[in-house]
Amino acid sequence: MQDPFFSVVVPCYNRATIVPDTIRAILRQEFQDFELVLVDDGSRDNLAEVAKSFNDPRIRYFYKENGERGAARNYGTKQARGQYVNFFDSDDEMYPNHLRVVKEYIDKNGTVEVLHTGYEVLDGAGRQVHEVIDFSKSTNDELIHDNFLACNTVFVRRDIALANPFEEDRKLASAEDWELWLRLASKYTFHSISAKTFCLREHDGRSLNTIAPDAVIARDELFGKLMQKDPDFRRRYKGQVNYFVANRYTFITLVLALAKNRRADTVHYLWKAVQADPTVLWRRRFLASVKHLL
């Protein structure tokens, strides 16, 4: 049996009630040469039964002990047989053009290492909150400022994905994708496709909406240290490393300031931000943190 062109890796934990819609959307692709690698990350519901109810040979189901999404994605990459790997979340919707537009770009531009598409964000009522399709600026340059790439949007050549896995430390959860994009951007060009190819659905259960202040501290402290230690990051973003670290501290300060009961901790991280990069004094998040302190 010939290997597929794409491997869509879907990590899933206790999502038996919603993953059928995700699977059906993936199966409706206009470009059909793909496999769906569904990684059950230690679910306690009937996900296995639901997955096996789809009578489609392109779906490959794997069970592993729970290890967070980064570990589940890495596990899926090791099982993947496609030339390119796309990591897709189990609660979002893939549009029919998702794989086609990427395949057309590769046919035209060669087997590039990393690509990404555009997308839209919808609220619980299906209304558009915003869309991300303007890539007039370099993705590599812009990633140092913010993670505007939803995980679903990125395609990585399989050999590159295997050599550059997600960080599996649970403390980095909800930023593990941005950390990987920065490592990849330090070595390879991100090729942008402005087509809108999926929707990210906002809901209360999304990990970014439920993270506690202490988890934010652990995550962003670790994130800054990982990037400081990475030689490729230091070389590619020379002169911006301290800027990035200071921004991690001000993200912490804003979360703490909004919590209202962590005044001493907020001041502590404001000072750490200034020590990392004094120019942080004039950035919006630093000033917003100070405002909430007063």
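Scroll up to find the structure this text is about.
To start, this report covers the structure provided alongside it. (Residues numbered from 1 in each chain as written. Predicted model: local features only at pLDDT ≥ 70, side-chain atom pairs only at ≥ 80, totals over all residues. Heavy atoms only, no water.)

### Some points on the overall build of the protein chain
No. 1: Within the protein chain, the regular secondary structure consists of 13 helices and nine strands.
No. 2: Relative to its length of 294 residues, the protein chain is compact, with a C-alpha radius of gyration of 20 Å against a globular reference of 19 Å.
No. 3: When burial is assessed residue by residue, the protein chain has 54% of its 294 residues classed as buried.
No. 4: In the form shown here, the protein chain has an accessible surface area of approximately 13800 Å², with 50% of it arising from carbon and sulfur atoms.
No. 5: On the protein chain, the mean spot of the 42 positive side-chain charges and the mean spot of the 42 negative ones are 4 Å from each other. (Helix = DSSP H or I, 4+ residues; strand = E, 2+ residues; numbered from the N terminus. Rg over C-alpha atoms; globule rule 2.2 N^0.38 Å. Buried < 20%, exposed > 50% of the residue type's maximum accessible area, 1.4 Å probe, protein only. Areas by Shrake-Rupley, 256 points an atom, 1.4 Å probe, with all protein chains shown as cover. Lys, Arg positive; Asp, Glu negative; His and termini not counted. Charge placed at Lys NZ, Arg CZ, Asp CG, Glu CD.)

### What about the pattern of salt bridges?
No. 1: Scanning all chains against the criterion turns up 27 salt bridges.
No. 2: A salt bridge links Arg-69 to Glu-176; the shortest N-O distance between them is 3.6 Å. With Arg-69 in helix 3 (residues 68-79) and Glu-176 in helix 7 (residues 176-185), this pair connects stretches of sequence that are 107 residues apart.
No. 3: Note on Arg-69: relative accessible area 24%, which makes it partly exposed. (Salt bridge = Lys/Arg side-chain N within 4 Å of Asp/Glu carboxyl O.)

### Some points on the pairing of strand 9 (residues 190-201)
No. 1: Of the strand pairs in this sheet, strand 5 (residues 93-94) and strand 9 are connected by two bridges, and their pairing is antiparallel. Each bridged residue has a counterpart across the sheet, and for Glu-93 the counterpart in strand 9 is Cys-199.
No. 2: Pairing of strand 6 (residues 114-122) with strand 9 involves seven bridges; the strand directions are parallel. Following the sheet pairing, Gly-118 is matched in strand 9 by Lys-196. (Pairing = 2+ DSSP bridges.)

### Some points on the nonpolar core
Across soluble globular proteins, nonpolar side chains have a tendency to be buried as a group.
No. 1: Formed by 75 residues in total, the largest nonpolar core has its most connected members in Phe-6, Leu-115, Leu-143, Trp-181, Leu-182, Leu-184 and Phe-190.
No. 2: No other element matches helix 7, which puts six residues into this core.
No. 3: Ranked by size, the runner-up nonpolar core spans 15 residues in total, among them Val-245, Tyr-249, Ile-252 and Phe-286. (Core = buried A, V, L, I, M, F, W, Y, C linked by side-chain atoms within 4.5 Å.)

### Some words on the packing of helix 9 (residues 213-229) against helix 11 (residues 241-259)
No. 1: Axis separation between helix 9 and helix 11 bottoms out at 9 Å; the angle between their running directions is 180°. The orientation of helix 9 with respect to helix 11, classified from their angle, is roughly antiparallel. Contacts between helix 9 and helix 11 involve Pro-213, Val-216, Ile-217, Arg-219, Asp-220, Glu-221, Phe-223, Gly-224, Met-227 and Gln-228 from the former and Val-241, Phe-244, Val-245, Arg-248, Tyr-249, Phe-251, Ile-252, Val-255 and Leu-256 from the latter. (Axes fitted to C-alpha atoms, helices over the stretch in contact; angles between N-to-C directions. Parallel < 35°, antiparallel > 145°, perpendicular 65-115°, else oblique. Contact = heavy atoms within 4.5 Å.)

### What about the packing of aromatic side chains?
No. 1: Summed over all chains, the structure comprises 17 aromatic pairs.
No. 2: Cluster of aromatic residues (ring-pair linked, three or more members): Phe-5, Phe-6, Phe-31, Tyr-84 and Phe-155.
No. 3: Just above the ring of Phe-5 sits the side chain of Lys-103; from NZ or CZ to the centre is 5.0 Å.
No. 4: Against the face of Phe-244 rests Arg-248, its NZ or CZ located 4.9 Å from the ring centre. (Phe/Tyr/Trp six-rings, centres within 6.5 Å; stacked < 30°, edge-to-face > 60°. Lys NZ or Arg CZ within 6 Å of the ring centre and 35° of its normal.)

### As for the pairing of strand 8 (residues 154-157)
No. 1: As defined by bridge partners, strand 4 (residues 84-87) adjoins strand 8 across three bridges and the pair is classed as antiparallel. Along strand 8, the bridge assignment pairs Val-85 with Val-156.
No. 2: Sheet analysis places strand 6 next to strand 8, joined by three bridges and oriented antiparallel. Note on strand 8: the bridge partner recorded for Leu-115 is Phe-155.

### Some points on helix 12 (residues 263-276)
No. 1: Helix length check: helix 12 (14 residues) gives 20 Å between terminal C-alpha atoms against 20 Å at 1.5 Å per residue, within 8%.
No. 2: By the burial criterion, the buried members of helix 12 are Thr-266, Tyr-269, Leu-270, Ala-273, Val-274 and Ala-276. The buried residues of helix 12 occupy an angular sector of 160° when projected down its axis, which confines them to one face. Structural note: helix 12 exposes Ala-264, Trp-271 and Gln-275 on the side pointing more than 90 degrees away from its buried face.
No. 3: Against helix 9, helix 11 and helix 13 (284-293) lie the buried residues of helix 12. (Expected span 1.5 Å × (residues − 1). Arc of directions from axis to C-beta.)

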